[in-house]
Amino acid sequence: MQNEVAPVTPGTPTGNPPDPPGMPDDLIIRRSPVGIAVIDGEGIYRNVNPAYCALYGFRPEELLGHSFLRVFAPAEQPRMMALHRQFLAVGGELKGEWEVVDRAGALFNVLSESVSIRGDDGLACRLVYVLDITQRKRTEQALQSSRRFLQSVLDGLSAHVCVLDAAGVIVAVNRAWREFAAANAAIAERVHEGADYLGVCARAVQPGHPGAPEAQAFLALLHDVLAGRRTQFQLEYACHSPTEQRWFVARVSRIEGNDPVRFVVAHDNVTELKQAQEALRLQAATDDLTGAASRRSLMERLKHEYERVRRHPDHHCSVLALDLDHFKRVNDTWGHAAGDAVLVHLTRLMRDSTRQIDVVGRSGGEEFTLLLPDTAPEQALELAERLRDRVEHTPLQHAGQSIEITVSIGISAIAGTDPGIDAVLARADQALYQAKHAGRNAVLLGGLPT
């Protein structure tokens, strides 16, 4: 707080020349709309004007001859007297904002400034000018309260949020933003309050920078929002660290009705969602037991290869229909757990016998389908024979027992004249049926459509 003091008494400010002739000092003081008081070295009011009295709710006679400390709370009075005496003794400044007390005991805020003068007796006095700034303080406090509320709301969000001005400079960030910056030292010094966010985004667009294409798309959209060409946008992007893969969704929008204009940038970490989606995709694309491609995934790849052959007639793609011989006997003899182990064992053998571009899919039960892109029927026949021989001579070791198995395989090739993939699968199934009818543990190459 600052002290309040009474305005001038007749006399001359210390070190200053006398005022030129004109209106008497007392009249100037009385008519001033600013509260003015003169306080002597003992802290006693020597002069107060009507504006000063009105400010505190006192009559002049209630102040004149009394200590200026009566307009301060008791706890503040010793400090204010010390400041008063120090000012008169050594000079310097005595000005600022103070919390004071009116006649009814109500607290309010004033802005005051003091100058040293000499009274008629030649002794130093303090002339103080006082303005009521209570409403301004209330407005400032309300604004600060609003800012604290806004900050608490921002800090409560899990997204990394910053607020930009019209030039793209960061004017506020939330706790999640600060924590992410602190955990990523490479960007910590570039995304703080007062930083040029547009400049940060522009550097990320430079060739060779990780994620440059996504950063370029983000920067272009951000420019559109700042320029008023759009009000908002959303963009998903990858932001991998050296130790983990991460994905985010960025949302940028204009804060409507705000003056000055402001924009909110929020980055949501969607890594867990992406991982969950990938897990679901893999679950839908693979067979739970064997890890082979699911029937749905297999059919999608078959359709893709079918369309490829239709566009490029010189392209080859073969399909193998494979069935485990006497699988029911395995289950009846060794149990269903052994049967499951046999299916897993067979899948492993098929994968070990094929290329990475080939697809091993489980059609159902003990039936499998192998898709062999860029493979002519004669090449598929050679692979099928090698696979059949390997299965026959690689029994499964399970629960201390050696379980021998064999397979029958039918082969067909996709033709550009096929009406659809069902026709291809039907020829492979027909060849498989003939192989099993011929005694099983056999491979048979089916014909092409006529």
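Going by the structure above, here's the rest.
Structural notes, computed from the coordinates. (Residues numbered from 1 in each chain as written. Predicted model: local features only at pLDDT ≥ 70, side-chain atom pairs only at ≥ 80, totals over all residues. Heavy atoms only, no water.)

### Some words on the nonpolar core
Where a protein is soluble and globular, its nonpolar side chains tend to be buried together. Residues Leu-320, Leu-322, Leu-324, Val-342, Leu-346, Met-350 and Ile-409 are the most contacted members of the largest nonpolar core, which totals 28 residues. Of all the secondary structure elements, the ones that give two or more residues to this core are β12 (317-324), α12 (327-334), α13 (336-353), β14 (367-373), α14 (377-392) and β17 (407-413). In contact with Leu-322, other than residues within four places in its own chain, are Leu-346, Met-350, Glu-366, Glu-367, Phe-368, Leu-387, Val-407, Ser-408, Ile-409 and Leu-432. Counting residues in hydrophobic clusters, the runner-up holds 27 residues, among them Val-191, Phe-218, Leu-221 and Val-225. (Core = buried A, V, L, I, M, F, W, Y, C linked by side-chain atoms within 4.5 Å. Buried < 20%, exposed > 50% of the residue type's maximum accessible area, 1.4 Å probe, protein only. Helix = DSSP H or I, 4+ residues; strand = E, 2+ residues; numbered from the N terminus. Contact = heavy atoms within 4.5 Å.)

### A look at the pairing of β14
By the criterion of burial, β14 is predominantly enclosed, with six of the seven residues buried. Inspection of the sheet shows β12 paired to β14 by seven bridges, in the antiparallel sense. For Ser-318, the partnering residue across the bridge sits in β14 and is Leu-372. Here strand β13 (residues 359-364) pairs with β14 via five bridges, running antiparallel. Across the sheet, the residue bridging to Gly-361 is Thr-369, located in β14. Linking β13 back to β14 in an antiparallel pair, the connection comprises two residues, with Gly-365 at a positive phi of about 60 degrees. (Pairing = 2+ DSSP bridges.)

### Details of the environment of Gly-447
You can see Gly-447 is positioned in the segment after β18 (443-445). Of the residues examined, Gly-447 reaches a relative accessible area of 48% and is grouped as partly exposed.

### Section: the packing of α13 against α14
Two numbers describe how α13 lies on α14: the axes approach to 10 Å, and their chain directions differ by 140 degrees. Here α13 is positioned oblique relative to α14, judged by the angle of their axes. Our pair here, α13 against α14, has a crossing hand that is right-handed. Between α13, through Leu-346, Leu-349, Met-350, Asp-352 and Ser-353, and α14, the contact on the second element is made entirely by Leu-383, Leu-387, Arg-390 and Val-391. When grouped by side-chain class, the residues that make up the contact of α13 with α14 number six nonpolar, one polar and two charged. (Axes fitted to C-alpha atoms, helices over the stretch in contact; angles between N-to-C directions. Parallel < 35°, antiparallel > 145°, perpendicular 65-115°, else oblique. Left-handed = near helix turned anticlockwise from the far one by under 90°. Nonpolar A, V, L, I, M, F, W, Y, C, P; charged D, E, K, R; others polar.)

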